[in-house]
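# Geometric and topological summary
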Amino acid sequence: MKSKPRDTLIVLGLGNPGREYQKTRHNAGFLVLEELAERLSLKFKKPFFRSWRSACTDIKTGEGFYRLVLAAPLTYMNASGKVVPDILQRYTAAPKQMIVVCDSLDLPAGIIRIKQRGSSAGQKGLESIMSVLGTNKFKRLFVGIGRPDQKKEVISWVLSAPFGEELSEFRQGISRAADAVLEMTRLPLDRVMNKYNGTAKE
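Residues numbered from 1 in each chain as written. Predicted model: local features only at pLDDT ≥ 70, side-chain atom pairs only at ≥ 80, totals over all residues. Heavy atoms only, no water.

## Topic: unusual backbone geometry
Glycine aside, residues mostly have negative phi, and peptide bonds are mostly found in the trans state. For clarity, the threshold we go by: To qualify as a helix, a DSSP run of H or I must reach at least 4 residues; to qualify as a strand, a run of E must reach at least 2; elements of each kind are numbered from the N terminus. Exposed residues in this analysis have more than 50% of their type's maximum accessible area, buried residues have under 20%, and partly exposed residues fall in between, with area computed by a 1.4 Å probe over protein chains only.
Residue Ser41 is not a glycine yet carries a positive backbone phi of 55°. As for its placement among the helices and strands, Ser41 is situated in the loop between α1 (28-40) and β2 (52-61). A relative accessible area of 66% means that Ser41 is categorised as exposed. The phi dihedral of Phe49 is positive, around 60°, even though this residue is not glycine. Tracing the backbone through its elements, the reader meets Phe49 in the loop between α1 and β2.

This is how it looks when you write it as structure tokens:
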């Protein structure tokens, strides 16, 4: 009989489904999941009659193993919360065992920030999740995408792909976010936050 995991971490990446959104700034959460899946040689599967897909692996630790679940809603960003209760139930996890990965206009490209809880910071996917769960007590990992020069261009900015030097910085942020998630399976959260929050990768 297989022993129970020391803990479970649900990594919920946010984005919009569809090929036209794949490489956009708003899909930073999906891109972090893809980076993690590639590193861990995982393939996503979609359960029957579910609007989400996931991949799961056990990471060995000195105290047994740690279960890491990568999950992506297949709804649009603004309705991300609809599938979260089903995902948590499927993996017998509580909101406090989840970290939501999403883009942030308030951080420059290449910068990430981890928070234990808090407001949605205007991120519509987070707003949806908080509304459905009725709590803000879950971790979140923000991946910086910066802001456009003109406020009226925000929608087109988040739904378009970065390019040039910004693309390099954006990819750096995606890689750095994946690094941070993996370190959460072996280090206390406060140590991971101290290492990664608001600093650029050297």
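After that view of the structure, there is still more to cover.
## Regarding the packing of α1 against helix α5 (residues 164-184)
Rules: With axes taken as lines fitted to C-alpha atoms, and helix axes fitted only over the stretch in contact, angles between N-to-C directions fall between 0 and 180 degrees. Just so you know how the angles are binned, under 35 degrees is roughly parallel, over 145 roughly antiparallel, 65 to 115 roughly perpendicular, and the rest oblique. Should the near helix be turned anticlockwise from the far one by less than a right angle, the crossing is termed left-handed; should it be turned clockwise, right-handed. Note on contacts: a residue pair qualifies if any of its non-hydrogen atoms lie within 4.5 Å across the two residues. Here the term charged refers only to Asp, Glu, Lys and Arg, the term nonpolar to Ala, Val, Leu, Ile, Met, Phe, Trp, Tyr, Cys and Pro, and the term polar to all other amino acids, Gly among them.
α5 packs onto α1 with a crossing angle of 60° between their chain directions and a minimal axis gap of 9 Å. With respect to α5, the axis of α1 lies oblique. The chirality of how α1 crosses α5 is right-handed. When α1 is examined against α5, the residues Ala28, Leu31, Val32, Glu35, Leu36, Arg39 and Leu40 are found in contact with a partner set consisting of Phe170, Ile174, Ser175, Ala177, Ala178, Asp179, Val181 and Leu182. Looking at side-chain class alone, the contact of α1 with α5 contains 11 nonpolar, one polar and three charged residues.

## Digging into the pattern of salt bridges
Filter applied, for reference: Salt bridge, as used here, is a side-chain nitrogen of Lys or Arg placed within 4 Å of a carboxyl oxygen of Asp or Glu.
What the rule picks out here adds up to eight salt bridges. Its salt-bridge partner being Glu166, residue Arg25 comes within 2.8 Å of it at the nearest N-O pair. Of this pair, Arg25 sits in the loop between β1 (7-13) and α1 while Glu166 sits in helix α5; the two residues are 141 residues apart in sequence, bridging distant segments of the chain. Of the two residues, Arg25 and Glu166, neither departs from the other in class, the shared state being buried. In this structure, the salt-bridge partner of Asp106 is Arg147, at a minimum N-O distance of 2.8 Å. Pair noted here: Asp106 is in the loop between β4 (98-104) and β5 (112-115) and Arg147 is in the loop between β6 (139-144) and α4 (154-158), with a separation of 41 residues, a long-range link. The class for Arg147 is partly exposed, based on a relative accessible area of 47%. Ionic contacts of the salt-bridge type, sharing partners, join the residues Glu35, Arg39 and Asp179 into one network.

## Digging into the sheet that holds β6
Let me state the cut-off plainly: Pairing between strands is defined by DSSP: at least two bridges between the two strands are required.
Strand order in the open sheet formed by six strands is β2-β3-β1-β4-β6-β5, with mixed pairing between adjacent strands. Two strands in the sheet have a free side with no partner beyond their single neighbour: β2 and β5. Averaged over neighbouring strand pairs, the angle between their axes works out to 20° when direction is ignored. Relative to strand β3 (residues 64-73), β2 is paired through 10 bridges, and the arrangement is antiparallel.

By themselves, these observations are geometric and do not establish any function.
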